[in-house]
Amino acid sequence: MKGLPIVTIVGRQNVGKSTLFNALLRAQSAITENTPGVTRDVLQKLVERSEFKSSFYLCDTPGLDIENLDEINTEIIEIAFEHLRRSDLIIHVMDHKDLRPYDHKLVSLLKKDEVLKDIPVLSVVNKVDTELDEYDLEPFYKLGLNEIVPIAAAGRRNFALLYDKINFLLPNTNKTVDSPYCRIAIIGKPNSGKSSLLNTFLGYKRAVVSEVPGTTRDSVHSQFMFQEKKIEIIDTAGIRRKSKAGESLEFYSYKRTLFALGEADVVILLIDAVKGLGEFDKKIFGEIQELGKPMILAVNKWDAIGDKETNSWKAYKEKLESRLPILKERPITSLSATQKLRTFKLLEMAIELFEKSQKKLTTRALNDWLSNWSGKNRVQKASNRPPKVFYATQVSQIPFKLLFFVNDSKLFPSNILAFFRKSLVSEFGLEGLSLEIELRNRNESKEKEGRDDTSPRNPR
């Protein structure tokens, strides 16, 4: 199993790499001087802080633009590049006030090297000391960079966004080489056909199927190969209201189901076609929605409906969407687990939804979309001020979450956010995902960074 991720800071001399290293560590570990070339070795420190989703090793490298390459300097450069090739994330630091030819060269090296080109790179523009400076990043975008975070390492300016981006780009250390490609949880009320669906997926009887509700009391994990991918299916206990009989057992079954929900990459919410979408099904949907999990609503026992008319499914689907309008934005399908009707189509839908959820939209792509939106002036002015988005970036995948830095969040009513979501879904192919947009006022961001600078944090 691979160890902790390695995050390496790289750049030419005197751009503020060691200052950033110390600021992320909250310690004076690297020597910082205005004299170029002070750092000669690769420094490595363990980071265990509450701001980050997992622990990792943070490394500081020497400035790579060493002139007069004698034997020692050549070895320094070679060691630094070998270390870079073992990294899981590279933070490339540049100086906002001093863009040089070697910055161009290093960008090219990171893109063309056979190993480095597959490692995610976060481009950090340092010494962006004022809000006005943030509008002067065009020279850096012209380098073809996709992920740019403007900061001032010395004053920890814009570190809240930097934390978000490091977390977003850090590799998932919870999965090993033998981990499944995708984990799919089957959720629903008792007797909706969850165990029958599991058995159909597996091709053999793995779970007990009974007409007695609540036969499955724990979450059943099973793995199988589908389209050359290892899939893990989690069959959960039926979620129901607490009853007087067996209240303790039901409580623990419910807790295990919620845990399985947290483990899953995709959730299949199964309902009984005959019974339809009940109020408790809607509550289950709310639990899934709150976690931001990609979800498919699967209508089981479709063979029992009896109505074979062409438009019967269309009418049924419209009725579902009228009861829960948000379902218009989620994939819905009918099936019969016992008759093996569209069960493998359901698997294909789940894998496709999972792959969409794994997309990482570059900051450059999002801000190109944003520029296009701003140019069309589709949104009316509010309170004598137009709503303005300064910057957009993705900060997580599940939930699929985007962060918008805005002039005033109060100028963005629900209809504008709905327009944003619809446009983003269309532009980036995000159909079926629960897309979250968080608005952060410029002033709020600065206050947060100010608190972050003074409030002590305890390692986990």
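Since this is a predicted model, take the numbers as computed values, not measurements. Counting restarts for each chain, with residues numbered from 1 along the sequence as it is written. Given that this is a predicted model, residues contribute local features only at a pLDDT of at least 70 and side-chain atom pairs are listed and counted only at 80 or more, while totals for whole chains, interfaces and linings are drawn from all residues. Derived side-chain values reflect all non-hydrogen atoms in the structure, with water molecules and hydrogen atoms excluded from consideration.

(A) The pattern of salt bridges, seen in detail. We define a salt bridge as a contact between a side-chain nitrogen of Lys or Arg and a carboxyl oxygen of Asp or Glu at a distance within 4 Å. What the rule picks out here adds up to 22 salt bridges. One salt bridge in this structure joins Asp95 and Lys127, with 2.9 Å as the shortest N-O distance. Of the two residues, Asp95 is situated in strand 4 (residues 89-95) and Lys127 in the loop between strand 5 (121-126) and helix 4 (138-141); the sequence distance between them amounts to 32 residues. Taking the relative accessible area as the measure of exposure, Asp95 reaches 6% and is therefore buried. For Asp98, the salt bridge identified is with Arg100, shortest N-O distance 2.9 Å. The buried label goes to any residue with under 20% of its type's maximum accessible area, the exposed label to any with over 50%, and the partly exposed label to all in between, with areas taken from a 1.4 Å probe on protein chains only. Arg100 sits in the partly exposed class, given a relative accessible area of 40%. Residues joined in a network through salt bridges with shared partners are Arg12, Asp98, Arg100 and Asp103. Each helix is a run of H or I in the DSSP string that is no shorter than four residues. Each strand is a run of E no shorter than two, and both are numbered from the N terminus.

(B) Structural detail: the confidence of the model for the chain. Values of pLDDT, the confidence the predictor places in each residue, fall between 0 and 100. Across the chain, the average pLDDT comes to 80, with 76% of residues at 70 or higher. Under a pLDDT of 50 for its full length, residues 29-40 has, in the predicted model, 30 contacts with residues more than four places off or in other chains. Within the model, the stretch residues 242-246 combines pLDDT values under 50 with 3 contacts to residues more than four positions away or in other chains. Contact criterion: two residues are considered in contact whenever any of their non-hydrogen atoms come within 4.5 Å of each other.

(C) Main features of the pairing of strand 10 (residues 266-272). Within strand 10, 7 of the 7 residues are buried, leaving the element largely enclosed by the surrounding structure. Because side chains alternate across strand 10, one face comprises the buried residues Val266, Ile268, Leu270 and Asp272, and the other comprises Val267, Leu269 and Ile271, equally buried. Two strands make a pair as long as DSSP finds a minimum of two bridges between them. As defined by bridge partners, strand 7 (residues 182-188) adjoins strand 10 across 5 bridges and the pair is classed as parallel. Each residue of the ladder has a partner; that of Gly188, found in strand 10, is Leu270.

(D) Expanded view of helix 1 (residues 17-25). Within helix 1, 8 of the 9 residues are buried, which leaves the element mostly enclosed by the surrounding structure. Residues Lys17, Ser18, Leu20, Phe21, Asn22, Ala23, Leu24 and Leu25 constitute the buried set of helix 1. Where the residues of helix 1 are buried, they touch strand 1 (6-10), strand 2 (43-47), strand 3 (56-60), strand 4 and helix 5 (159-169). Looking one or two residues beyond helix 1, the residue adopting positive phi is Arg26, at roughly 60°.

(E) Looking closely at the packing of aromatic side chains. Any Phe, Tyr or Trp ring, taking Trp's six-membered ring, that has another such ring centre within 6.5 Å forms a pair; planes under 30 degrees apart are called stacked, those over 60 apart edge-to-face, and the others tilted. In this structure the tally under the stated criterion is 15 aromatic pairs. Between Phe201 and Phe224, the ring centres sit 6.4 Å apart and the planes meet at 20°, which makes this aromatic pair stacked. Taken as a pair, Phe201 in helix 6 (residues 194-202) and Phe224 in strand 8 (residues 220-226) lie far apart in primary sequence, 23 residues in all. With a relative accessible area of 11%, Phe224 lands in the buried category. Relative to Phe420, the ring of Phe412 lies with its centre 6.3 Å away and its plane at 40°, an arrangement referred to as tilted. The same class applies to Phe412 and to Phe420, which are both buried. An aromatic cluster is present here, built from Trp369, Phe404, Phe412, Phe419 and Phe420 joined pairwise through their rings. It is Lys360 that lies over the ring of Phe168; its NZ or CZ is 5.1 Å from the centre. Placement of a positive charge over a ring is assigned whenever Lys NZ or Arg CZ falls within 6 Å of the ring centre and within 35 degrees of the normal to the ring plane.

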